[in-house]
Amino acid sequence: VYLDNVYLLPYGVTTSPTTEKTSVQPTVNSNPETVAPTTPSSAVTPVPSSSKDPTDAPAASSSTSAPTIPSSKAPTPSFFDGFESGDFSADSWSITGEDSWVVDQTRPYEGSYSAHVKTADIPESQLYSELNLDVSLGAAGFIQFYFFAPISQPFEAFELWVDGQFLTPLTTEEGEWAQAGSILSSGDHTVAWRYSKNPAGAPDAVLQTWPQPDFRLGEAWLDNVKLLGS
């Protein structure tokens, strides 16, 4: 038995193992307007909704190739998708598992559209629907996004994954959108937003009697995904 790298972290802060290849770390951005945090920690920061500013980032490209960050630093996002195309065709998106993710107008963070998934649209317990974004970075970068996820275990789970590694759970309880993100090393990566139905496989009889928190809607929304240079 071997033990190494033991950390004592504040309650609620999560970490996950990383490799030299991916060098992925969830991060906090205490100021939603300033990106490129340097200290790994919890990945979630609540933020208020606002009106979409077309100057906030370049319009999403119609190319289906993975977005690339050049080796030089850039003050504006090299990739941005607020899903204003009304679907997933604007960038290098794909869905694995159940085909439950959609782009609709039910609850955008900004603008008219956001990506949306519901527990009810996943047919069976322990199945998931995963929205994936393939990116290629010439230098280290930062993936930032906004989400609204009034969900609760054991009914469902919403999580951020990078290159097959679990990074952090994503949930909101205060009725507000939250900002989250992760540092990415140079190279090719797959960033994934995984939404699971009853991930622990609790029996239906247990779920039917399990108390539900008042905030739970059993749905999650994703909006304003940005990729920035470090």
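### With respect to the side chain of Lys197
Turning to its location among the elements, Lys197 is positioned in strand β13 (residues 187-197). The side chain of Lys197 sits in the buried core without any salt bridge; Asp204 is the nearest counter-charge, 7.7 Å away. Polar side-chain contacts of Lys197 include one of 2.9 Å to the backbone oxygen of Ile122. Once residues within four sequence positions are removed from consideration, Lys197 is found in contact with Thr119, Ile122, Pro123, Glu124, Ser125, Gln126, Leu127 and Phe155.

### Considerations on the pairing of strand β11 (residues 165-169)
Judged from the 4 bridges that link them, strand β10 (residues 156-162) and β11 form a sheet pairing that is antiparallel. By the bridge assignment for β11, Leu160 is matched with Thr168. From the end of β10 to the start of β11, which pair antiparallel, there are 2 residues, and Asp163 there has a positive phi angle of about 55°.

### Some remarks on the environment of Thr172
Mapped onto the secondary structure, Thr172 falls in the loop between β11 and β12 (178-184). Judged by relative accessible area, which is 6%, Thr172 ranks as buried. Taking the C-alpha atoms as reference points, Thr172 and Ile151, 21 residues apart in sequence, are found 7.3 Å from one another. Not counting residues up to four positions away in its chain, the partners in contact with Thr172 are Phe147, Phe148, Ala149, Pro150, Ile151, Ala178 and Phe215. At 2.9 Å, the side chain of Thr172 and the backbone nitrogen of Ala149 are in polar contact.

### Examining the nonpolar core
If you look at the biggest cluster of nonpolar residues, it comprises 33 residues, and the most contacted ones within it are Trp93, Trp101, Phe145, Phe158, Trp193, Leu222 and Val225. Put simply, the parts of the chain that give this core at least two residues each are β7 (114-118), β8 (128-137), β9 (141-148), β10, β12, β13 and β14 (219-229). If near-sequence neighbours (up to four positions away) are discounted, Val225 is found in contact with Phe79, Phe80, Asp81, Phe83, Trp93, Leu133, Ile143, Gln144, Phe145 and Trp193. If you look at the next biggest cluster of nonpolar residues, it comprises 5 residues, including Tyr109, Tyr146, Trp177 and Trp221.

Thresholds, definitions, all that
- Residues numbered from 1 in each chain as written.
- Predicted model: local features only at pLDDT ≥ 70, side-chain atom pairs only at ≥ 80, totals over all residues.
- Heavy atoms only, no water.
- Helix = DSSP H or I, 4+ residues; strand = E, 2+ residues; numbered from the N terminus.
- Buried < 20%, exposed > 50% of the residue type's maximum accessible area, 1.4 Å probe, protein only.
- Lys, Arg positive; Asp, Glu negative; His and termini not counted.
- Salt bridge = Lys/Arg side-chain N within 4 Å of Asp/Glu carboxyl O.
- Polar contact = N/O pair within 3.5 Å; in protein donor to acceptor, adjacent residues only side chain to side chain.
- Contact = heavy atoms within 4.5 Å.
- Pairing = 2+ DSSP bridges.
- Core = buried A, V, L, I, M, F, W, Y, C linked by side-chain atoms within 4.5 Å.

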